[in-house]
Protein chains: 2
Amino acid sequence: MGNGNQRYTIDDVAKLAGVSKATVGRVIGNYGSVSEKTRKKVMEAVSELDYVPNTIAQGLRNHSTKTIAVVLGSIKNNYCNALVYAIEKEAMKRDYNVLICNTHENLDKEIKHLQTIRSRQVDGILLISVYTVGKVIPDKYRYLYDSPDIPMIFVDRNIIGIKKDLIESNNEQASYEATKYLISLGHRNIGVIGTVAYSTVQERLKGYRRALQEAGIPVESSMIVDAEYSENRAGQRLAAKLLDEHPETTALYVLNNTLCGTVLLELKRRGLKTPDDVSLLTWDDDEINELFDITTVVQKVDEIGKKAVNRLFELMENPQSQVYTQKVDAQLVIRKSCSVPKKHAERK
Amino acid sequence: MGNGNQRYTIDDVAKLAGVSKATVGRVIGNYGSVSEKTRKKVMEAVSELDYVPNTIAQGLRNHSTKTIAVVLGSIKNNYCNALVYAIEKEAMKRDYNVLICNTHENLDKEIKHLQTIRSRQVDGILLISVYTVGKVIPDKYRYLYDSPDIPMIFVDRNIIGIKKDLIESNNEQASYEATKYLISLGHRNIGVIGTVAYSTVQERLKGYRRALQEAGIPVESSMIVDAEYSENRAGQRLAAKLLDEHPETTALYVLNNTLCGTVLLELKRRGLKTPDDVSLLTWDDDEINELFDITTVVQKVDEIGKKAVNRLFELMENPQSQVYTQKVDAQLVIRKSCSVPKKHAERK
DNA sequence: TATTAGATTGAGAACGTTCTCAACTGATGC
DNA sequence: GCATCAGTTGAGAACGTTCTCAATCTAATA
């Protein structure tokens, strides 16, 4: 009686059932034709031994490991882990497992990971790349990004110059609408805080500019302040900078969720309340946002994850498939951190 | 010139170098003896083709997949993703990759995952089990938990009745100290909110009781309220219950971080401020805790992750190794959410 | 009864690696 | 000149699966 303690092989099953391993293969693989009597014998042997095929051996033979890899900055990031959650859920439906690779937003680590997971023969890769706008991939490693032998899809972040499928939020449009919302409340001096190097943030900035221009408000570049990814409490420093250098600021528009927490800290330090003293609008939902009633552009992370996995499987089936970008609508969730600007209201 | 587009095999390298694959194996595996001349030829062929061994084939041959699996409730949980972060970092140092399995705190999914990762021949398993105190593992699946063929370690949560290594915080002691701290401030009516079914929470409750008893304060069982894992906003409901049924409550002690956010929400709803109206002490650090200046028992997640991986590798090398439990100190980080109770202060 | 189509079955190759074993090479000592 | 030895090398088995191909069996037909 098998209790899982030993790992049995297909040969053990064959011997116990008194057939060849080819026949066992037919029964468990459910192909070819097997007589009812034999099938039953085999099934009994299988459950007797608790036999489960060795996925590694299958992988070698089938050139498929039933594994997808997710390469991302850090699983500690809320957006990322929500994405991985959705991805893993979707992958499991197809009996796939998910390998996690943190790059710590570091180019070398991203490359290292991409190399390892290649040699591991993963069936597909979902990449939230650290390659930011302006950075160039060394020729030596370019194959990691553009070779077609392993299906790969970019999620959330694009790499300019590499033609791959991309799944992302409709950053430009959602940002345009968020900005328009602020403008509609009466804000004309909207300070922007974000990590500009990310392709997503660039898109969000485009939307911001479009909304301002449409409203006839000049875009003041010194009101857009840039954060480095690695900087600790960047949000705090930048909010301070913005509020010091531009006391006319009536609204803060934060383009990365990671920055928002310490922006709040700075507001608290200055005794500024939202929305009375300053309006606040940020990207990506979070428990904090709910608790603080912060108006937020919420990305549909579940949908992005689901779409990414679906597309990856399409690509695995048909690698020649035409490259394209899918945009998922992000939604402005209005809470209570934005209102008519005080100065504006007074002026009236 | 290899550009990674094709996957070359050891035979390709052998052919190019004009030697046998055995010799190539000797060179890249760095064993046996090879003449300098041959070694050079092989090295050249390797880099010419950008040859990287197929990990799957190695896995089949070596009975080692260079993979560990982490089975946990949900990667969206802050404690869990911080743990996975630490685990992955540590695993990478040893050229191991990490498979993520979310159980959604669901028994069936945990079993399903354990089965799959077994057939995948992972080299080791780190399990944050959903098996809570009182639940019994069906005999049929017991082998998934106690069979010695794959090294497995429990992290954070113990399963009573299964003898496995366990890495956890010193829950009882840290909780004892946290409670003592509240008592030292003058609190005698400390309401406790937690998901009692978890082994960790049970330990924390023990520490709480010990501190009360030591101070001669009777333990009022109706001041300990229990949350179900799956309940939405359980923290809010339970805080409300506690404050309604026990208006004498001067401090809330929250044993699970997941509950704390909505506890805050309820305090906000009632217009209660910490620490003036009520003191608040919680487990597990979080950006919220920092922002709200909440006094917190902080677990050393990095250390737990590191210890877990180290121990797992020990076990992989020596499966007979004696089972034992490692406790990692959790630390009380005092911020500003606890003070002398108002009523108490007034009474004086 | 002989023939044949179709159903059923097993032997064995292949996937890409590691590593044992045996064989070969030169050089040294007698 | 021959035996010995260390250093070097290659053939091929093994890991556990899938699946092709050919062989065997069954039953139905002429």
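Refer to the structure printed above.
Everything numeric here is computed off the predicted structure, so don't read it as measured data.

J.: Just to check I follow, could you spell out the environment of Asp 95 of chain B for this structure?
T.: You can see Asp 95 of chain B is positioned in the loop between helix H5 (78-93) and strand S2 (97-102). A sequence separation of 246 residues divides Asp 95 of chain B from Pro 341 of chain B, and the C-alpha atoms of the two residues are 53 Å apart. When residues no more than four places from it in sequence are discounted, the contact partners of Asp 95 of chain B are Lys 112 of chain A together with Lys 66 of chain B.

J.: I would appreciate a short explanation of the layout of surface pockets in the present structure.
T.: Any space left empty among the atoms is revealed by the rolling of a water-sized probe across them. By volume, the second largest pocket is sized at about 1100 Å³. Forming the boundary of the second largest pocket are 30 residues, of which Lys 268, Lys 273 and Phe 292 of chain A together with Lys 273 and Phe 292 of chain B lie nearest the centre. The set of elements that each furnish at least two residues to the lining of the second largest pocket consists of helix H11 (257-269) of chain A together with helix H11 (257-269) of chain B. For the lining of the second largest pocket, a count of residues per class yields 16 nonpolar, 5 polar and 9 charged.

J.: Looking at this model, I keep getting lost on the protein's contact with DNA strand C. Mind explaining?
T.: Close to DNA strand C lie 25 residues; Arg 26 and Thr 38 of chain A together with Ile 10, Tyr 51 and Arg 61 of chain B are nearest. The sugar-phosphate share of atoms of DNA strand C within 4 Å of the protein amounts to 57%. In the model, a phosphate oxygen of DNA strand C is placed 2.4 Å from a nitrogen or oxygen of the Ile 10 of chain B main chain. In the environment of DNA strand C, a phosphate oxygen lies 2.9 Å from a nitrogen or oxygen atom belonging to the side chain of Gln 58 of chain B. Listed by contribution, the elements that provide at least two residues to the surface near DNA strand C are helix H2 (21-29) and helix H4 (55-62) of chain A together with helix H2 (21-29) and helix H4 (55-62) of chain B. The residue makeup of the surface near DNA strand C, split by class, is 10 nonpolar, 10 polar and 5 charged.

J.: Would you mind showing me how to read the pairing of strand S5 (residues 165-169) of chain A here?
T.: On any regular strand, side chains alternate: one points to one face of the sheet, the next to the other face. Residue and element names in this part refer to chain A. With 5 of 5 residues buried, S5 is to be regarded as a mostly interior element. Residues of S5 alternate between two faces, with Asp 165, Ile 167 and Ser 169 on one and Leu 166 and Glu 168 on the opposite face, all of them buried. Judged from the 3 bridges that link them, strand S4 (residues 152-155) and S5 form a sheet pairing that is parallel. Pairing of Phe 154 across the sheet is with Leu 166, part of S5. Bridge analysis of S5 against strand S11 (residues 325-328) gives 4 bridges, and the strand direction is parallel. Of the residues in S11, the one forming a bridge with Leu 166 is Thr 325.

J.: Is there a simple way to explain a positive patch on the surface in this structure?
T.: On the surface, Lys 76 and Lys 109 of chain A together with Lys 89 and Lys 306 of chain B cluster together into a positively charged patch. Summarising the element assignment, Lys 109 of chain A is placed in helix H6 (residues 107-119).

J.: Any chance you could explain the sheet that holds S5 of chain A here in plain terms?
T.: Strand pairing in a sheet takes place through backbone hydrogen bonds and is either antiparallel or parallel in direction. Read from one edge to the other, the open sheet built from 12 strands follows the order S11(A)-S5(A)-S4(A)-S3(A)-S1(A)-S2(A)-S2(B)-S1(B)-S3(B)-S4(B)-S5(B)-S11(B), with strand pairing classed as mixed. Since the sheet does not close on itself, it has two edges, and those belong to S11 of chain A together with strand S11 (325-328) of chain B, each with one partner. The sheet shows a mean angle of 20 degrees between the axes of neighbouring strands, direction not considered.

J.: Mind showing me how you'd approach the pattern of salt bridges here?
T.: For side chains of opposite charge, pairing can occur when their charged atoms come near one another. Residue and element names in this part refer to chain A. Taken as a whole and assessed by the stated rule, the structure comprises 44 salt bridges over all chains. The salt bridge involving Arg 142 is made with Asp 146; its shortest N-O contact spans 3.1 Å. Here Asp 146 and Arg 142 lie together in helix H7 (residues 139-146), a separation of 4 residues that amounts to about one turn. Here Glu 203 ties to Lys 206 by a salt bridge, and the two come within 3.0 Å at their closest N and O atoms. Here Lys 206 and Glu 203 lie together in helix H9 (residues 199-214), a separation of 3 residues that amounts to about one turn.

J.: Hey, could you run me through the interface of chain A and chain B in this one?
T.: A common way to report how large an interface is uses the accessible area buried once the components associate. Contacts between the two partners involve 58 residues from chain A and, on the opposite side, 58 residues from chain B. In total, chain A and chain B occlude about 5100 Å² of area from one another, counting both sides; carbon and sulfur atoms represent 55% of this. Counting across the interface, chain A meets chain B through 6 salt bridges. Lys 112 of chain B serves as the salt-bridge partner of Asp 95 of chain A, at 3.8 Å between the closest nitrogen and oxygen. The tally of links from chain A across to chain B stands at 22 residue pairs in polar contact (both at pLDDT 80 or more). Of all elements in the fold, only H4, helix H5 (78-93), strand S2 (97-102), H6, H11 and helix H12 (287-291) of chain A reach the threshold of two or more residues within the side of chain A that touches chain B. Here the residues of the side of chain A that touches chain B are counted per class, giving 21 nonpolar, 21 polar and 16 charged.

J.: Can you walk me through the protein's contact with DNA strand D in this structure?
T.: Close contacts around DNA strand D come from 25 residues, with Ile 10, Tyr 51 and Arg 61 of chain A together with Arg 26 and Thr 38 of chain B the closest. Backbone atoms, meaning sugar plus phosphate, form 57% of the atoms of DNA strand D positioned within 4 Å of the protein. Lys 21 of chain A places a side-chain nitrogen or oxygen 2.9 Å from a base oxygen of DNA strand D. Interatomic distance of 3.0 Å between a backbone N/O atom of Ser 35 of chain B and a phosphate oxygen of DNA strand D. Only H2 and H4 of chain A together with H2 and H4 of chain B provide two or more residues apiece to the surface near DNA strand D. Per-class residue counts for the surface near DNA strand D are 10 nonpolar, 10 polar and 5 charged.

J.: How should helix H3 (residues 36-49) of chain B be read in this particular structure?
T.: In an α-helix, one full turn covers 3.6 residues, which means residues spaced three or four apart are oriented alike. Residue and element names in this part refer to chain B. The end-to-end C-alpha distance of H3 is 20 Å, a good match for the 20 Å that 14 residues give at a rise of 1.5 Å each. Considered for burial, the residues of H3 that qualify are Thr 38, Val 42, Ala 45, Val 46 and Leu 49. Relative to the axis of H3, the buried residues are bounded by an arc of 100 degrees and lie together on one face. Summarising the geometry of H3, the exposed residues directed more than 90 degrees from the buried face are Glu 36, Lys 37, Lys 40 and Ser 47. Contacts from the buried residues of H3 go to helix H1 (10-17) and H2. Immediately downstream of H3, the backbone of Asp 50 shows phi near 55 degrees, a positive value.

J.: Would you take a moment to explain the packing of helix H8 (residues 171-185) of chain A against H9 of chain A for this structure?
T.: Residue and element names in this part refer to chain A. At a closest axis distance of 7 Å, the pairing of H8 and H9 adopts a crossing angle of 40 degrees. On the basis of their axis angle, the class for H8 and H9 is oblique. Of the two elements, H8 crosses H9, and the hand of that crossing is right-handed. Contacts from Asn 171, Glu 172, Gln 173, Ser 175, Tyr 176, Thr 179, Lys 180 and Ile 183 in H8 reach Thr 200, Glu 203, Arg 204, Lys 206, Gly 207, Tyr 208, Arg 210, Ala 211, Leu 212 and Glu 214 in H9.

J.: When you look at the pairing of strand S8 (residues 251-254) of chain B in this model, what are you seeing that I'm missing?
T.: Residue and element names in this part refer to chain B. Along S8, one buried face is formed by Ala 251 and Tyr 253 and the opposite face, lined by Leu 252 and Val 254, is buried too. As paired elements, strand S6 (residues 190-194) and S8 share 4 bridges and run parallel to each other. Bridge assignment links Val 192 to a residue of S8, and that residue is Tyr 253. Alignment of S8 against strand S9 (residues 279-283), held across 4 bridges, turns out to be parallel. From the neighbouring strand, Ala 251 faces S9, where its bridge partner is Ser 279. Note on the crossover from S8 through H11 to S9: the handedness is right-handed.

What counts, and at which threshold
- Residues numbered from 1 in each chain as written.
- Chains lettered and ligands numbered in written order.
- Predicted model: local features only at pLDDT ≥ 70, side-chain atom pairs only at ≥ 80, totals over all residues.
- Heavy atoms only, no water.
- Helix = DSSP H or I, 4+ residues; strand = E, 2+ residues; numbered from the N terminus.
- Contact = heavy atoms within 4.5 Å.
- 1 Å grid on protein atoms, 1.4 Å probe; cavity = no way out; pocket = protein on both sides within 12 Å on 5 of 7 lines; lining within 4 Å.
- Points joined across faces, edges and corners; volume = space filled by probe spheres on them.
- Nonpolar A, V, L, I, M, F, W, Y, C, P; charged D, E, K, R; others polar.
- Near = heavy atom within 4 Å.
- Polar contact = N/O pair within 3.5 Å; in protein donor to acceptor, adjacent residues only side chain to side chain.
- Buried < 20%, exposed > 50% of the residue type's maximum accessible area, 1.4 Å probe, protein only.
- Pairing = 2+ DSSP bridges.
- Patch = residues over 30% accessible without salt bridge, like charges linked within 9 Å, V, L, I, M, F, W, Y side chains within 5 Å.
- Areas by Shrake-Rupley, 256 points an atom, 1.4 Å probe, with all protein chains shown as cover.
- Salt bridge = Lys/Arg side-chain N within 4 Å of Asp/Glu carboxyl O.
- Lys, Arg positive; Asp, Glu negative; His and termini not counted.
- Charge placed at Lys NZ, Arg CZ, Asp CG, Glu CD.
- Axes fitted to C-alpha atoms, helices over the stretch in contact; angles between N-to-C directions.
- Buried area = accessible area lost by both parts, 1.4 Å probe.
- Expected span 1.5 Å × (residues − 1).
- Arc of directions from axis to C-beta.
- Parallel < 35°, antiparallel > 145°, perpendicular 65-115°, else oblique.
- Left-handed = near helix turned anticlockwise from the far one by under 90°.
- Right-handed = clockwise from strand over helix to strand, strands pointing away.

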